[in-house]
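Report on the structure
Residues per chain, in single letters:
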Amino acid sequence: MVDTAPRADERVLKQASPARASSKPAVNAAAGPKLDVDLVAKMLLGSFPEVRLEAREIAKDPQFHRVEGLSLDEQRERTLEQMKLQAERGFQLRAFPKRLGGFEDAGGNLAGFQELVTADPSLQIKGGVQWGLFAAAILHLGTAEHHDRFLPGAISLEVPGAFAMTETGHGSDVAAIGTTATYDPATEEFVVNTPFRAAWKDYLGNAAKHATAATVFAQLITDGVNHGVHCFYVPIRDAATGEFLPGIGGEDDGHKGGLNGVDNGRLHFDQVRIPRTNLLNRYGDVAADGTYTSSIDSPGRRFFTMLGTLVQGRVSLDGSTTIASALGLFIALTYASQRRQFASATPGVEHVLLDYQRHQRRLLPRLAQTYAQYFSHDVLLRAFDDVFSGRADTDENRQNLETLAAALKPLSTWHALDTLQEAREACGGSGFLAENRLTGLRADLDIYVTFEGDNNVLLQLVGKRLLTDFASQFKGATKSDLAKFAAGQVAGKAYNEGGIRRVGQNLSDLAGVGHSIEALKDRDTQRALLQDRVDTMVAAIGSELNKVRTASPAEQAAAFNAHQDELIEAARAWGELQQWQAFTDALEKVEDAGTRKVLGWLHSLFTFTLFERHLAWYLIHGRISARRGQAVTSYIHRLLERLRPHTLDLIGAFGFAPEQVRAPIASGAEGLRQDEAMAYYANLRESGLAPVDEKAAKKKPH
């Protein structure tokens, strides 16, 4: 049995205002600029505020909260029951067609979905599998006939489903999957088959136990021709008995590192026959006689178009992990503002953790990046909504959306793991207790860095797009044009790396650190430095690959592999530039002077942390002088000092209610304990009964 009786700390959690309970920060911000918390909270809600607020109310409901200590089977059944409650309330309807009871609100659907990470990531992901993958594949890859046949059951949860794309032998390389669907014109059926063990479908949510159907991705073969990967609707279990249908088998993936409320499993197919009309044929169809047709002639473009319709998973993860990072920081910074450790200059009073520079250094730069991610995610979410609402559904916009999602999802998911781990450590032993949620969130979000695309593979896709854009500059260029470009590259390299620019910087920086940093505080300079890093890296890789463009395929592949790491780093730099630009654009819209000042400091902290993170590159390439590089770190410390008084306001703007936080150390309980301890010692000293310190006793004359 699981003890669900409320603890004392939990009672405090429901009574106290989490960000402002008990002990006040040692630094007084009254004399300086003031952050308008409500204004910033509105900014962070982004483009779908009503939907987010509605989802947050749902996330407060204890029925949707994770319960620690459940067995694997209990977790899975609880999550399924939670999904049924969601379905009854219609939470999942927002994305689907109006004629089927939906709202056709693509962006709003994802905004609401992301907020559920505060309730239970298992619930969020299991629901994501059902409605964001299984049902979404039917919606986006099927036609009206498929919508009428298959979507009602998928939407209502009458037909729990799995999304069968990944295979044991091929994850991110979807084009190379081994499962086949071979058309038999004699019976007008596709024969779905798993020809070898590595072609088993793997890691599939809902597949181990609950799914009765699956959207299966397989190589479509007809008339002896392989037309590449397509998606098929395949019943897999008897709904009444839960047993696999003939020809279908599988295994349970068992206990995982996190998300154990999701029943992940494997599937395999042995000559399983399905009707021809179970091919989700929006982008490719097979006639009764076996003739294949498609509105997209290029197999490669057709493949990427089909996969592009499923980009919502990456968009969702970018937003979800940003919220999870914010929650981790809310817990850690609230605790740090109350937990006292080591004596201060005032007798009987210890410092709160957040007054220590090192503690600020650990958490506040991560807070700045989380803010940047909130703003960049809203840019991504609006781009997604523009495309999937049909308002701006062009090939170029789809490609831009896919590139942006592939760049931001890696940065936000990596940041979440880093932030939750640092938050855990910053809370000491309390952070390791499951009741304070940091370890559970860290475990559940671990898989986010590899599902919906391994982060490194996604960044490689971004890098290839950057190279394509770079190469497009030279389409139709003459040898003379190329020679001029090459000469300019050499001249620029000599200027930046040869010491000329560095000497100029050193001369202008002789006035001291303040003067050294002044140029880097200019927004145009910041943008130029971040953009220049991307451009220089891409140009260097492009120039090297250009040398082998007429070589054999093997030589070209070897050259690309030799620069793969640099390409991924360039893509990461491009993603950071997008985050910076989104934060900058959001800041420029702020009219309230105090809010603009405080958010400006936070923006600077994000920017200078980027400069510091990549300082070796900037120094090596002569973009920043050594003296100016030293000033970067000094200025970060100055920003930490400025932001310290505003920390609770900055995390308060995240808008988390106690029911969403559910961490006793962020409930105000720690502040009450510290106040009690200080009062005890103060009373003891005033009573005259306090024992004398040994050192003081030795100084007394006998």
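Residues numbered from 1 in each chain as written. Predicted model: local features only at pLDDT ≥ 70, side-chain atom pairs only at ≥ 80, totals over all residues. Heavy atoms only, no water.

1. Some details on the overall build of the chain
On a plain count of helices and strands, the chain comes out with 27 helices and 13 strands. Taken over 702 residues, the chain has a buried fraction of 52%. Total accessible area on the chain stands at roughly 30400 Å², and carbon and sulfur atoms take up 54% of it. (Helix = DSSP H or I, 4+ residues; strand = E, 2+ residues; numbered from the N terminus. Buried < 20%, exposed > 50% of the residue type's maximum accessible area, 1.4 Å probe, protein only. Areas by Shrake-Rupley, 256 points an atom, 1.4 Å probe, with all protein chains shown as cover.)

2. Some points on unusual backbone geometry
With phi around 75°, L157 is a residue other than glycine that occupies positive phi space. Here L157 lies in the loop between α7 (144–156) and β1 (161–164). One non-glycine residue with positive phi stands out, namely L259, at about 55°. Within the secondary structure layout, L259 lies in the loop between β7 (248–252) and β8 (265–269).

3. Section: the pairing of strand β2 (residues 180–184)
Along β2, four of the five residues are buried, which leaves the element largely enclosed by surrounding structure. By the bridge criterion, five bridges tie β2 to strand β3 (residues 189–193) in an arrangement that is antiparallel. Residue pairing for β3: A181 is matched across the bridge by V192. Between β2 and β3, which pair antiparallel one after the other, the connecting turn spans four residues, and E188 there sits at a positive phi close to 55°. (Pairing = 2+ DSSP bridges.)

4. Overview of helix α18 (residues 523–546)
Helical geometry note: an α-helix holds 3.6 residues per turn, so side chains three or four residues apart project in the same direction. Helix length check: α18 (24 residues) gives 34 Å between terminal C-alpha atoms against 34 Å at 1.5 Å per residue, within 8%. All of the buried residues along α18 are Q526, L529, L530, R533, V534, M537, V538, A539, I541, G542 and L545. The backbone nitrogen of D524 has a side-chain oxygen 3.2 Å away, supplied by the residue at the start of α18, namely D522. (Expected span 1.5 Å × (residues − 1). Polar contact = N/O pair within 3.5 Å; in protein donor to acceptor, adjacent residues only side chain to side chain.)

5. Some words on the packing of aromatic side chains
Inspection of every chain in the model, using the stated rule, returns 20 aromatic pairs. Here the aromatic rings of F375 and F583 are separated by 5.4 Å at their centres, their planes lie at 45°, and the arrangement is tilted. Note that F375 is positioned in helix α10 (residues 357–388) and F583 in helix α20 (residues 564–588), a separation of 208 residues in sequence. Neither residue differs from the other here; F375 and F583 are each classed as buried. The ring centre of F103 lies 5.4 Å from the NZ or CZ of R94, which sits over that ring. (Phe/Tyr/Trp six-rings, centres within 6.5 Å; stacked < 30°, edge-to-face > 60°. Lys NZ or Arg CZ within 6 Å of the ring centre and 35° of its normal.)

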